[in-house]
Amino acid sequence: MNILILGGAGFVGNNLVRRCLREKKHNLTVVDSLDARLKSDIEFLNEERGEIEFIQADMRDSRSMDKIVEGKDVIFNCAAQSSHPMSFVDPAYDIAINCTGNITLLEAVRRHNKRALVIYASSSTVIGKALTRVVNEKHQELPLDIYSANKGVAEKYYYIYNRVYDLKTLVLRFANLYGPYGKASPEFGFINYFIHRAFSGKEISIYGKGSQIRNVMYVEDACDLLYQAIFHKEIFGGIYFAVHREHYSVRKIAEEIVSAFGKGKVVTVAWPEIRKRIEIDDVIISGAKLYNKLQWKPRFTLRQGLLKTKEIMEEYKSKRGDI
Ligand SMILES: NC(=O)c1ccc[n+]([C@@H]2O[C@H](COP(=O)([O-])OP(=O)(O)OC[C@H]3O[C@@H](n4cnc5c(N)ncnc54)[C@H](O)[C@@H]3O)[C@@H](O)[C@H]2O)c1
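The rules behind these values
- As a convention, each chain's residues are numbered from 1 in the sequence order in which they are written.
- Local features in this predicted model are restricted to residues whose pLDDT is 70 or higher, and side-chain atom pairs enter the listing and the counts only when it is 80 or higher, whereas totals over whole chains, interfaces and linings include all residues.
- By convention in this description, side-chain values take in all heavy atoms of the structure and omit both hydrogens and water.
- Here a strand is any run of E in DSSP of at least two residues, a helix any run of H or I of at least four, and the numbering for each starts at the N terminus.
- Each radius of gyration is computed over the set of C-alpha atoms, and the globule rule expresses the reference value as 2.2 Å times the number of residues to the power 0.38.
- Buried means the residue's accessible area, taken with a 1.4 Å probe over protein chains only, is under 20% of the maximum for its type, while exposed means over 50%, and partly exposed covers the values in between.
- Pairs of residues are marked as contacts when any of their non-hydrogen atoms sit within 4.5 Å.
- Each accessible area is a Shrake-Rupley result for a 1.4 Å probe, and residues are judged covered by the shown protein chains and nothing else.
- When charges are tallied, Lys and Arg are placed among the positive residues and Asp and Glu among the negative ones, while His and the ends of the chain are skipped.
- By convention, the point assigned to a charge is CZ for Arg, NZ for Lys, CD for Glu and CG for Asp.
- Only a pair of cysteine sulfur atoms within 2.5 Å counts as a disulfide in this structure description.
- Between N or O atoms, a polar contact is any pair within 3.5 Å; within protein, one atom must be a potential hydrogen donor and the other a potential acceptor, and residues adjacent in sequence are included only when both atoms are from side chains.
- Between N-to-C directions, angles span 0 to 180 degrees; the directions come from axes that are lines fitted to C-alpha atoms, helices contributing only their stretch in contact.
- Angle categories: roughly parallel below 35 degrees, roughly antiparallel above 145, roughly perpendicular from 65 to 115, and oblique for all the rest.
- Each crossing gets its hand from how the near helix is turned against the far one by less than a right angle, where anticlockwise is left-handed and clockwise is right-handed.
- Asp, Glu, Lys and Arg are counted as charged, while Ala, Val, Leu, Ile, Met, Phe, Trp, Tyr, Cys and Pro are counted as nonpolar; the rest, among them Gly, fall into the polar class.
- A carboxyl oxygen of Asp or Glu within 4 Å of a side-chain nitrogen of Lys or Arg is what we treat as a salt bridge.
- A helix is expected to span 1.5 Å for every residue after the first.
- Paired strands are those between which DSSP finds at least two bridges.
- For this purpose, a residue is taken to be near a molecule or strand whenever a single non-hydrogen atom of the residue falls within 4 Å of it.

### Focus on the overall build of the chain
Across its full length, the chain carries eleven helices and 13 strands. Relative to the 2.2 N^0.38 estimate, which gives 20 Å for 323 residues, the radius of gyration of the chain is 19 Å and therefore close to what a compact globule would have. Across the 323 residues that make up the chain, the buried fraction comes to 56%. In the chain, the share of contacts with a sequence separation of at least 24, taken over all contacts with a separation of at least 6, comes to 81%. Of the accessible surface of the chain, which amounts to about 13900 Å², a share of 50% is contributed by carbon and sulfur atoms. In the chain, the 48 positive side-chain charges and the 39 negative ones have mean positions that sit 3 Å from each other.

### Things to note about the state of the cysteines
One covalent bond between the sulfur atoms of two cysteine residues makes up a disulfide. The full count for this structure, using the stated rule, is zero disulfides. The thiol sulfur of cysteine 20 is not disulfide-bonded, and the nearest other cysteine sulfur, from cysteine 223, lies at 8.1 Å. With a relative accessible area of 2%, cysteine 20 lands in the buried category. Summary of cysteine pairing: cysteine 223 is not part of a disulfide, and the nearest cysteine sulfur, belonging to cysteine 78, is at 6.9 Å. The class of cysteine 223 is buried, set by a relative accessible area of 1%.

### Observations regarding helix H2 (residues 62-69)
Buried within H2 are the following residues: Ser64, Met65, Asp66, Ile68 and Val69. Close packing links the buried residues of H2 with strand E1 (2-6), strand E2 (27-32), strand E3 (53-56), strand E4 (74-77) and helix H4 (91-112). The N-cap of H2, judged by a side-chain oxygen 3.2 Å from the amide nitrogen of arginine 63 a few residues on, is aspartate 61. Trailing H2 by a residue or two, glycine 71 shows a phi angle of about 80°, which is positive.

### Overview of the packing of helix H1 (residues 11-21) against helix H7 (residues 219-229)
When two helices pack together, their arrangement is captured by the angle between the axes and the distance separating the axes. Running from amino to carboxyl end, H1 crosses H7 at an angle of 60°, the nearest separation of the two axes being 9 Å. By the angle class used here, H1 and H7 are oblique. Between H1 and H7 lies a crossing of right-handed hand. Contact with H1, carried on its side by Phe11, Val12, Asn15, Leu16, Arg19 and Cys20, involves Val219, Cys223, Asp224, Leu226, Tyr227 and Gln228 of H7 and no other residues of that element. Tallied by class, the residues present in the contact of H1 with H7 amount to eight nonpolar, two polar and two charged.

### A word on the pattern of salt bridges
One pass over the full model with this rule turns up 22 salt bridges. Ionic pairing is found between glutamate 187 and lysine 39, a salt bridge with its closest N-O pair at 3.2 Å. Residue glutamate 187 is found in the loop between strand E7 (177-178) and helix H6 (190-199), and its partner lysine 39 is found in the loop between E2 and E3; the two are separated by 148 residues along the sequence. Residue class for lysine 39 comes out partly exposed when judged on its relative accessible area of 43%. One network of salt bridges, with partners in common, ties together Glu47, Glu315, Lys319 and Arg320.

### Looking at the packing of H6 against helix H8 (residues 250-261)
Remark: H6 packs on H8, axes separated minimally by 9 Å, with the N-to-C direction vectors making an angle of 35°. For the pair H6 and H8, the sense of crossing is right-handed. In this structure, H6 contributes Phe190, Ile191, Phe194, Ile195, Ala198 and Phe199 to the contact, and H8 contributes Val250, Ile253, Ala254, Ile257 and Phe261. A class-by-class count of the residues in the contact of H6 with H8 yields eleven nonpolar, no polar and no charged.

### A short note on H8
Structurally, the α-helix is built with 3.6 residues per turn, so residues lying three or four positions apart point the same way. Given a rise of 1.5 Å per residue, twelve residues ought to cover 16 Å, and the 17 Å separating the end C-alpha atoms of H8 matches this to within 8%. For H8, the full list of buried residues reads Val250, Ile253, Ala254, Glu256, Ile257, Val258, Ala260 and Phe261. Residues of H8 that are buried in the fold lie against H6, strand E8 (203-207), strand E9 (213-215), strand E12 (247-249), strand E13 (265-269) and helix H11 (302-320). Glycine 262 sits one or two residues past H8 and shows a positive phi near 65°.

### Thoughts on the sheet that holds E3
With parallel pairing, the seven strands of this open sheet are ordered in space as E3-E2-E1-E4-E5-E6-E11. The open sheet terminates on both sides in strands that have one partner only, identified here as E3 and strand E11 (239-241). Strand-to-strand twist across the sheet, computed as the mean angle between neighbouring axes with direction ignored, equals 20°. Where E4 lies against strand E5 (residues 117-123), four bridges are found, and the strand directions are parallel.

### Describing the site of the ligand
Around the ligand there are 29 residues in total, and Asp32, Ser40, Tyr147, Lys151 and Lys183 lie nearest to it. Take glycine 10: an N or O atom from its main chain is 3.1 Å from an oxygen atom of the ligand. Alanine 80 places a polar main-chain atom, nitrogen or oxygen, 3.3 Å from an oxygen atom of the ligand. Going through the elements one at a time, H1, E5 and helix H5 (146-165) are the ones with two or more residues in the shell around the ligand. With three residues, E5 is the largest single contributor of residues to the shell around the ligand. Within the shell around the ligand, the residues separate by chemical class into 15 nonpolar, eight polar and six charged.

Spelled out as structure tokens, the structure:
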């Protein structure tokens, strides 16, 4: 198959490139804008560069997208402005990537490759605060930050292009992914930030008691799910939560990281005002709808995922000297 991964230099993209390369039978095109504001690092893909075609391009550039989507059987869209705090700092930038970027891609696919399977990595945070003990796809959407609002808008584009133009689109909503090739910066996913703190023996600060419950998923499981989805045409046209069955408090996640890495320390700090306002409290999400259709389940427990992350980070550091 001809597979295109957009946002391939990002955290999920890096891991998805490796998941697809495992099959040894696909032609892989990887696109990323390498936007310095998003702290993506093409270095992570250095060893894989010989096996992929890498194109530096922006999803918002319709001329590039028109050409790039041609002839692709599968298009994974992992390209995004993925930082919740940054979406407040520059909301227009978030809209440009997370809304305009997705429309530009969908228009390119509509005009040049309607037969492609297009899978969009969305976020569970589109729902905002959970109103029920367990959340499923029927839950209302009242997001609490600009990023999540725009992810919710983009989901609708994929849905509309399926209904109106028969594009084969699929939306998978992920939550709190962690693993290798993640960003060390606190503006991005909190688990990868905690992991980098522990990896370098630093303190991990949790807000308040850290008792909020979160789904967590090892990124290899998420990428396997993305990959397996392409063999299930019956789920296209839908929007699904793609989450692990495991849920833990933020404190427990931090403690598990310290234990698995054998370094770092958990400390408690007061909630910053902006964080308190956008805090979604306890969220327990069910991925049952998707799992039942795919007959798939995650392979990694939190402990196993953290130990594998540590192994890969240590190997990377010993080869390259830094991470
Ligand atoms: N990491 C998580 O825990 C998580 C959870 C839920 C949803 N998601 C979603 O999964 C997707 C991937 O997330 P991630 O953690 O890998 O993010 P990331 O920031 O690590 O990667 C995103 C990549 O997209 C690239 N990009 C941004 N704008 C682009 C553009 N206009 N054209 C081309 N490339 C562009 C960036 O350079 C970056 O390499 C995102 O859509 C995100 O919303 C991630």
